[in-house]
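Structural description and commentary
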Amino acid sequence: MDSPFRVQPPFGPELQDIVDYGHELLKVYGLCIGLIVAGSAVIKRSSVKAPNGVILGYLKYQMGKFEESRGTILFIFAYVGLSLIFCTYSVSHPVVLMFRLGLVATINLPLLYMLGTKRTILNWALGCSYEHVNTLHRWCGVLVVAMIAVHAAISLYYFRWQYLIRNRWSCMGIVSGICFALIGISSIPAFRSKCYELFYGIHLLGSLIAVVGVYLHYPIARPYAGAAGCVFLFDRLFRLLKDLYVVKCEISSAYADTALVKIKTKCPWKAGDHIYLTVWGCRTLESHPFTIASNKKNSDHMYLIVRARDGFSKDLYKLGNTTRMGIIHGPYGRTPKVNKLERIILIAGGSGVAFTYPLLQEYAGMDVKSLWIIRDRRCTEWLPEQIGDLWVTAEQGRPDITAILDEWTNNGHDNCLILACGPQALLTSMENHVAAYYSKGHCSVKFHKEKFDW
Ligand SMILES: Cc1cc2nc3c(=O)[nH]c(=O)nc-3n(C[C@H](O)[C@H](O)[C@H](O)COP(=O)(O)OP(=O)(O)OC[C@H]3O[C@@H](n4cnc5c(N)ncnc54)[C@H](O)[C@@H]3O)c2cc1C
């Protein structure tokens, strides 16, 4: 029989012992990942107070270029570092590294799938919505794809390809490797933003095929691939059975290339939630996220404020005043609980009012300060009623948002929850200003942002 190897590795039967040692070692890695996730959930859900404002301020500071806080970036570094240590610890040969990388990537699959799906136990445990863990999903994905790429490169160097394509286990590995490579390439930001639907299709199909491939590739991978597959199927089934609503959409056009959509639905949403919208005859196969700009307590209709941006939103705006059938799925999102907080501060920029307006109604009667920054006064026609505290930049110039926060939070001394939605620059300057309060030892202001992009 032909040798499976192109380049013979310098191992005899002792290779099995080395590989077994790696498997035992990686049980510790799996445990570490589990503990990190469980620890994060406990910290998030408990009212653990920050030990030190200076540290908290440092960690909460937004790194402008990355649009993420230092804390998140350090967490990602620590996670990648831990994974690399377990991949390389006591590795004496590239073939041993190949086994390690494959298994570390596999151990991460359940986490990767949980971070990337909408209905999972992880979101419930962390008390946050899927979009708030999307950054972690991306970095976990980068790590997994990079490890699989090196795993594949080493395999192709040592094994003969004629051997690899003749065996089911290796063919399955190749299939899942190709899927992960396609997912990785299509997730590059330039590709994703240009061809979002293609990126989404590759992600959906690729992640399903990849997990089946991994399951059949290597017996030790089965529990992890099986768990990831269950996460995927649960999410899809739950959303199919519980989250889909066929609706009638009354569409009208408004000022500043904006479409207003009015939907009567039984969907049980909360203030601050968003849904995904598909409109019949308007790029029917696409589905886009929009925040629900009405409060169910005050209105039996769901209102959406859709700014025309490019493909779908532009076509929706061009429909003018019409009624179309559509599908919504959701609702998704989670706004922090308001307990004995002294003051709620709502800040919206442009269509970000879709997030703050229902919250303003939700917290009626409480100590609420609200500001809506708009370019032109005519934007007010997006809402069914006039709301106070408008800042019209065409008339008043850019607001000094940090001065406004200082006034409304009493320089960070008061117990406040800031809920904000708008352009990234506005959110970053607010978040960094709150981080500066922490650095001065004033830790009673909480900040929650809703982003329209990720
Ligand atoms: C949670 C959330 C709430 C939002 N709420 C509102 C709102 O109330 N009003 C509003 O005007 N806009 C809102 N947006 C932004 C809106 O979804 C995008 O502007 C819209 O999808 C752009 O689609 P397009 O076809 O017009 O442009 P495209 O050129 O097709 O897309 C531009 C970019 O939009 C993003 N995008 C497109 N499709 C999706 C999708 N299915 N899921 C996630 N991102 C996508 C991608 O980053 C893409 O690169 C929200 C976005 C998110 C994530």
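Here is what the cut-offs are and how they apply
Residues numbered from 1 in each chain as written. Predicted model: local features only at pLDDT ≥ 70, side-chain atom pairs only at ≥ 80, totals over all residues. Heavy atoms only, no water. Salt bridge = Lys/Arg side-chain N within 4 Å of Asp/Glu carboxyl O. Helix = DSSP H or I, 4+ residues; strand = E, 2+ residues; numbered from the N terminus. Pairing = 2+ DSSP bridges. Axes fitted to C-alpha atoms, helices over the stretch in contact; angles between N-to-C directions. Contact = heavy atoms within 4.5 Å. Near = heavy atom within 4 Å. Polar contact = N/O pair within 3.5 Å; in protein donor to acceptor, adjacent residues only side chain to side chain. Areas by Shrake-Rupley, 256 points an atom, 1.4 Å probe, with all protein chains shown as cover. Phe/Tyr/Trp six-rings, centres within 6.5 Å; stacked < 30°, edge-to-face > 60°. Buried < 20%, exposed > 50% of the residue type's maximum accessible area, 1.4 Å probe, protein only. Lys NZ or Arg CZ within 6 Å of the ring centre and 35° of its normal. Disulfide = S-S within 2.5 Å. Core = buried A, V, L, I, M, F, W, Y, C linked by side-chain atoms within 4.5 Å. UniProt positions renumbered as here; feature names shortened; annotations may be inferred. Parallel < 35°, antiparallel > 145°, perpendicular 65-115°, else oblique. Left-handed = near helix turned anticlockwise from the far one by under 90°. Nonpolar A, V, L, I, M, F, W, Y, C, P; charged D, E, K, R; others polar.

Glancing now at the pattern of salt bridges. Considering all chains together, one arrives at 13 salt bridges under this definition. In this structure, Glu-286 and Arg-283 form a salt bridge, with 3.4 Å as the shortest nitrogen-oxygen distance. Between Asp-414 and Arg-343 there is a salt bridge whose closest N-O contact spans 3.1 Å. Taken as a pair, Asp-414 in the loop between α16 (401-409) and β12 (416-421) and Arg-343 in strand β9 (residues 343-349) lie far apart in primary sequence, 71 residues in all.

A separate point is the sheet that holds strand β11 (residues 390-392). Taken together, the five strands give an open sheet; going across it, the order is β11-β10-β9-β12-β13, and neighbouring strands pair in parallel fashion. Bordering the open sheet on either side are β11 and β13 (445-450), each of which pairs with just one other strand. Across the sheet, the mean angle separating the axes of adjacent strands is 15 degrees when strand polarity is ignored. Of the strand pairs in this sheet, β12 and β13 are connected by six bridges, and their pairing is parallel. For Ile-418, the partnering residue across the bridge sits in β13 and is Phe-447. Lying on the sheet, α16 is in contact with β9, β10 (368-374), β11, β12 and β13; it crosses β9 at an angle near 165 degrees.

For the rest of this paragraph, the subject is the site of the ligand. As a structural note, the neighbourhood of the ligand is formed by 22 residues, with Ser-287, His-288, Pro-289, Phe-312 and Ser-313 the closest of them. One of the backbone nitrogen or oxygen atoms of Ile-305 is found 2.8 Å away from a nitrogen atom of the ligand. At a separation of 2.7 Å, an oxygen atom of the ligand approaches a polar backbone atom of Phe-312. Contact with the protein chains hides 93% of the accessible area of the ligand, taken as 880 Å² for the molecule alone. Residue assignment for the shell around the ligand shows that the elements contributing at least two residues are β5 (274-279), β6 (288-291), β7 (301-307) and α13 (311-318).

Looking at the element boundaries, Tyr-357 is found in helix α14 (residues 353-362). Linking Tyr-357 and Asn-123, residues 234 residues apart in sequence, is a C-alpha distance of 25 Å. Beyond its immediate sequence surroundings of up to four residues, Tyr-357 is in contact with Ala-293, Leu-383, Pro-384, Glu-385 and Ile-387. Among the polar contacts made by the side chain of Tyr-357, one reaches the side chain of Glu-385 at a distance of 2.7 Å.

A few words on the packing of aromatic side chains. Counted by the stated rule, this structure contains 13 aromatic pairs. Ring geometry for Tyr-157 and Tyr-158: centres 4.9 Å apart, planes at 85 degrees, overall edge-to-face. Judged by its relative accessible area of 9%, Tyr-158 is buried. Ring centres of Tyr-276 and Tyr-332 lie 5.9 Å apart, and the angle between their planes is 80 degrees; on these two criteria the pair is classed as edge-to-face. Residue Tyr-276 is found in strand β5, and its partner Tyr-332 is found in strand β8 (residues 322-332); the two are separated by 56 residues along the sequence. Its relative accessible area of 7% is what places Tyr-276 among the buried residues. By relative accessible area, which is 2% here, Tyr-332 ends up buried. Taken together through their ring pairs, the aromatic side chains of Phe-5, Phe-159, Tyr-163 and Trp-169 make up a single cluster. The ring of Tyr-58 has Arg-70 sitting right over it, with the charged end atom 4.2 Å from the ring centre. Residue placement shows Lys-118 over the ring face of Tyr-130; its charged tip is 4.7 Å from the ring centre.

Let us look at the sheet that holds β7. Strand order in the open sheet made by the six strands is β6-β5-β8-β3-β4-β7, with antiparallel pairing throughout. Among the strands making up the open sheet, the edge pair consists of β6 and β7. On average, each strand axis in the sheet is inclined to that of its neighbour by 40 degrees, with strand direction left out of account. Pairing between strand β4 (residues 258-264) and β7: seven bridges, direction antiparallel. Following the sheet pairing, Thr-258 is matched in β7 by Arg-307. Helix α12 (residues 222-242) rests against β3 (244-254) and β8 of the sheet, and its axis sits at about 70 degrees to β3.

Quick look at the state of the cysteines now. Each disulfide consists of one covalent bond between the sulfur atoms belonging to two cysteines. All told, the structure shown has zero disulfides when counted by the stated rule. Cysteine Cys-32 shares no disulfide, and the gap to the nearest cysteine sulfur, in Cys-87, comes to 13 Å. Sulfur of Cys-195: no disulfide; nearest cysteine sulfur belongs to Cys-282 and is 19 Å away. On the basis of relative accessibility, which here comes to 29%, the residue Cys-195 falls in the partly exposed class.

Right, let's talk about the nonpolar core for a bit. Among the nonpolar cores identified, the biggest contains 39 residues, and Leu-26, Tyr-29, Leu-109, Tyr-113, Val-144, Met-147 and Phe-180 are the most heavily contacted of them. If one sorts the elements of this core by residue count, helix α5 (residues 109-116) sits on top with six residues. Ignoring sequence-local partners within four residues, the contact set of Val-144 consists of Ala-105, Asn-108, Leu-109, Leu-112 and Phe-180. One finds Met-302, Val-306, Phe-312 and Leu-316 within the second-largest nonpolar core, a separate group that totals 21 residues.

This next bit is on the UniProt feature "domain: FAD-binding FR-type" (unreviewed entry) in the protein chain. As annotated by UniProt and renumbered to match this structure, "domain: FAD-binding FR-type" (unreviewed entry) occupies residues 239-338. Within the segment residues 239-338, helix and strand shares are 12% and 46% respectively, and the terminal C-alpha atoms sit 28 Å apart.

On to the packing of helix α1 (residues 14-45) against helix α3 (residues 70-88), then. At their nearest, the axes of α1 and α3 sit 10 Å apart, and the two run at 165 degrees to each other. As the angle between them shows, α1 and α3 are arranged roughly antiparallel. Helix-helix and strand crossings are classified by hand; for α1 and α3 the assignment is right-handed. Two secondary-structure elements touch here, α1 through Leu-25, Leu-26, Val-28, Tyr-29, Cys-32, Ile-33, Ile-36 and Ser-40 and α3 through Phe-75, Tyr-79, Leu-82, Ser-83 and Phe-86. Within the contact of α1 with α3, the residues separate by chemical class into eleven nonpolar, two polar and no charged.

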